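Descriptive analysis of the structure
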Amino acid sequence: MSQNSKRDILRLVEEEDVEFIRLQFTDLFGGLKNVAVTAGQLERVLDRKYVFDGSCIEGFADNNDTDLLLSPDLDTLAIFPWRPQQGKVARLICDIQRTDGSPYESDPRYILKKVLKEAGEMGYQFDVGPECEFFLFHTDDQGNPTTYTHEKAGYFDMGPVDQGENARRDMVLTLEEMGFEVESSYHEVAPGQHEIDFRYDEALLTADHIVTFKLAVKTIAKRFGLHATFMPKPRTGENGSGMHTNISLSREGRNVFQDPADPNGLSKEAYYFIGGLLKHVRGMTAVTNPLVNSYKRLFPAKPSAGYTAPSHVAWSAVNRTQLIRIPAQRGENARIELRSPDPSCNPYLALALCLAAGLEGIREEILPPAAVDREIRGMTREERREAGILMLPRNLKEALEAMEEDALVKSVLGETVSRSYIREKYREWEEYTVQVSKWETDRYLYRI
């Protein structure tokens, strides 16, 4: 049930001198879409909802099912601080519906809502805290993005070495104006790489926040003449950008993952949740790591160079490099951290799959295998085989094959979405495989 009413929205728009309202949603692959209406049209939009052609949205309806409705979530009204202060611009995040008012099955936000309802029926609230990393790069003389940065800052460095400090500060202030509770911001390991962490919250709100976060970061970066990218691995030889996802379940305001009597501070529900994630993580990877480029973060050219992105299916309470780690906080702050997702994913779909896998683990009481506390990349193939340690998919094609074999993943997404997602991502993989890369010309052109 919305906390805001239609009357509240119209009053706020008038009081704040809002002239344009952007009706936002994401396509199947997380791309942010919108249509703008004037304040004078808002009441009509709220009453009748806005009809648009779904066949033009990537991964949505085919030509036999084109008319869809945008139904604004009234609790998502936010004013863009970077727009004019007279004749302001605001946004409403929308659910997508059919013309009869029923939910549209391919709407990523609806897919997450379905799994959240299932969790609610089991008595759980799904709480998520993302850690979103990104790069700030220079633009060229035409304003196009490059992968160049002249700064040399590293982890936790500060200005003047950290030359993105001022831009990051403005990003934080902008996010706070939009209602975010920002917990920290800092320079990450690679030159030009940054992280801003905002407070954990219920999963639907967190997914909305991730979409808004990326828009705000890109917008403020542009003000500084920079390009912000959430591409997982924009530069060879540097750390990639992840979106470590901190997860917990609560019931009646209490964190059900906590157990002071356990050596790791975790309850049985937490272990079962881990078991479910580990069972389905390979099938989820095409969604949590959706790009050809995603796998160059997970499987760097030189894995011994100090990169910490996970490459194998394992968990640990002490080793920070594993796929799932248990942060040191205990009690009400007990949680598990899934470290494979990257910020190019559609957060609605990624969180829906994480929750569905964990809930299956709880229902079926799936215990995880023994923790792996040593560095897996330092183990031999035989040692990994003896320990039963599987690899994550090594590329997008392997991830899609794993997705096709995972009944839970396809059930959560639904037949239509699964088919569309797999088809379009295979097409992306095929386009990639026929490209002639600079690596190939550098290696072969003068020799052959």
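Presented here is a report on the structure given in the accompanying data block. What you see as residue numbers is a count from 1 along each chain, following the sequence as written. The predicted origin of the model limits local features to residues at a pLDDT of at least 70 and limits the giving and counting of side-chain atom pairs to 80 or more, whereas totals for whole chains, interfaces and linings rest on all residues. Just so you know, side-chain values use all the structure's heavy atoms and leave hydrogens and water out.

Broken down by element type, the protein chain carries 13 helices and 16 strands. This radius of gyration counts C-alpha atoms alone. The globule rule is 2.2 Å times how many residues there are, raised to the power 0.38. Taken over the C-alpha trace, the protein chain has a radius of gyration of 22 Å; the compact-globule value for 448 residues is 22 Å, and the two agree within 12%. Each of the three principal axes of the protein chain carries a C-alpha extent, and together these read 70 × 55 × 45 Å. Exposure classes here rest on a 1.4 Å probe applied to the protein chains alone. A residue is buried below 20% of its type maximum, exposed above 50%, and partly exposed in between. Counting across all 448 residues of the protein chain, residues that qualify as buried make up 53%. Helix numbers and strand numbers start at the N terminus; a helix is a DSSP run of H or I with at least 4 residues, a strand a run of E with at least 2.

For the rest of this paragraph, the subject is empty space enclosed by the protein. Throughout, the protein atoms alone are placed on a 1 Å grid, and a set of points is a cavity if a 1.4 Å probe fits but cannot get out or a pocket if it is open with protein on both sides within 12 Å along at least five of seven lines; lining residues have an atom within 4 Å of a point. Grid points are joined across faces, edges and corners, and a volume is the space filled by probe spheres set on the points. Applying the stated criterion across every chain, the model contains three cavities of 30 Å³ or more. When residues are sorted by character, Ala, Val, Leu, Ile, Met, Phe, Trp, Tyr, Cys and Pro go into the nonpolar class, Asp, Glu, Lys and Arg into the charged class, and all the rest, Gly among them, into the polar class. Per-class residue counts for the lining of the largest cavity are four nonpolar, five polar and two charged. Computed from the structure, the second largest cavity encloses a volume of approximately 40 Å³. Taken together, Phe25, Thr26, Ile93, Cys94, Asp107, Pro108, Arg109 and Tyr348 make up the lining of the second largest cavity. At the level of secondary structure, the elements contributing two or more residues to the lining of the second largest cavity comprise strand S1 (18-26), strand S6 (88-97) and helix H3 (108-121).

A separate point is a nonpolar patch on the surface. Within the patch definition used here, like charges are joined within 9 Å and nonpolar side chains (Val, Leu, Ile, Met, Phe, Trp, Tyr) within 5 Å, considering only residues with over 30% relative accessible area and no salt bridge. Residue exposure ignores everything except the shown protein chains as possible cover, and the areas themselves are Shrake-Rupley values with a 1.4 Å probe. Here, a salt bridge means any side-chain nitrogen of Lys or Arg that lies within 4 Å of a carboxyl oxygen of Asp or Glu. On the surface, a nonpolar cluster with roughly 320 Å² of combined accessible area is contributed by Tyr155, Phe156 and Val189. For Phe156, the position within the fold is in the loop between strand S7 (125-138) and helix H4 (165-177). Residue Phe156 is classed as exposed on the basis of its relative accessible area of 53%.

All right, on to helix H10 (residues 396-405) then. Taken as a whole, H10 has its buried residues at Leu396, Ala399, Leu400, Ala402 and Met403. End-on view of H10: buried residues confined to an arc of 160°, all on one side of the axis. Summarising the contacts, the buried residues of H10 are in contact with helix H6 (268-288), helix H7 (294-298), helix H11 (407-413) and helix H12 (415-433). Polar contacts, as used here, are pairs of N or O atoms within 3.5 Å; protein pairs need one atom able to donate a hydrogen and one able to accept it. Residues neighboring in sequence count only if both atoms are side-chain atoms. The distance from a side-chain oxygen at the start of H10 to the backbone nitrogen of Lys397 is 3.1 Å, and the residue carrying that oxygen is Asn395. Here the arc refers to the set of directions running from the helix axis out to each C-beta atom. It only takes one pair of heavy atoms within 4.5 Å for two residues to be counted as in contact.

The subject of this paragraph is the packing of H3 against helix H5 (residues 203-223). The description of two packed helices rests on the angle between their axes and on the distance between the axes. Packing of H3 against H5 leaves a shortest axis separation of 10 Å and a crossing angle of 155°. With respect to H5, the element H3 is oriented roughly antiparallel. The two elements H3 and H5 meet at a crossing, and its hand is right-handed. Together, Arg109, Leu112, Lys113 and Leu116 of H3 and Ala203, Leu204, Ala207 and Asp208 of H5 make up the contact between the two elements. Per-class residue counts for the contact of H3 with H5 are five nonpolar, no polar and three charged. In this description, a line fitted to the C-alpha atoms serves as the axis of each element, helices being fitted only across the stretch in contact, and the angle between N-to-C directions of two axes falls anywhere from 0 to 180 degrees. These descriptions rest on fixed angle ranges, namely under 35 degrees for roughly parallel, over 145 for roughly antiparallel, 65 to 115 for roughly perpendicular, and the rest for oblique. If you view the pair so one helix is near and one far, a crossing is left-handed when the near helix is turned anticlockwise from the far one by less than a right angle, and right-handed when it is turned clockwise.

It is worth spelling out the packing of aromatic side chains at this point. Stacked, edge-to-face and tilted are the three classes for Phe, Tyr and Trp ring pairs, Trp counted by its six-membered ring, which pair at centre distances within 6.5 Å; planes under 30 degrees apart are stacked, over 60 edge-to-face, the rest tilted. As enumerated under the stated definition, the model contains 19 aromatic pairs in all. With a centroid separation of 5.3 Å and an interplanar angle of 15°, the aromatic rings of Phe135 and Phe137 are classed as stacked. The pair formed by Phe135 and Phe137 is uniform in burial state, with each residue classed as buried. Centre to centre, the rings of Phe180 and Phe198 are 5.2 Å apart; their planes meet at 85°, and the pair counts as edge-to-face. Of this pair, Phe180 sits in the loop between H4 and strand S8 (182-187) while Phe198 sits in strand S9 (residues 193-198); the two residues are 18 residues apart in sequence, bridging distant segments of the chain.

Looking at the secondary structure, you find Ala39 in helix H2 (residues 39-48). In the structure, Ala39 is positioned 117 residues away from Phe156 in sequence and 44 Å away in space, judged by C-alpha atoms. In this structure, Ala39 is in contact with Val13, Val18, Glu19 and Ile21, ignoring residues within four places of it in sequence.

This part covers the pairing of S6. Of all 10 residues in S6, 10 are buried; the element is thus mostly enclosed. Alternating residues of S6 divide into Lys88, Ala90, Leu92, Cys94 and Ile96 and Val89, Arg91, Ile93, Asp95 and Gln97, and every residue in both groups is buried. The pairing criterion for strands is at least two bridges between them, as found by DSSP. Judged from the six bridges that link them, S1 and S6 form a sheet pairing that is parallel. In the strand pairing of S6, Phe20 is matched with Val89. Strand direction decides the pairing type here: strand S4 (residues 67-72) and S6, joined by four bridges, are antiparallel. Its bridge partner being in S6, Ser71 is matched across the sheet by Asp95.

Attention now moves to the side chain of Thr321. Note on placement: Thr321 falls in the loop between strand S14 (315-316) and strand S15 (324-325). Residue classification places Thr321 among the buried positions, given a relative accessible area of 15%. Thr321 has contacts with Thr308, Pro310, Arg339 and Glu375, leaving out every residue within four places of it along the chain.

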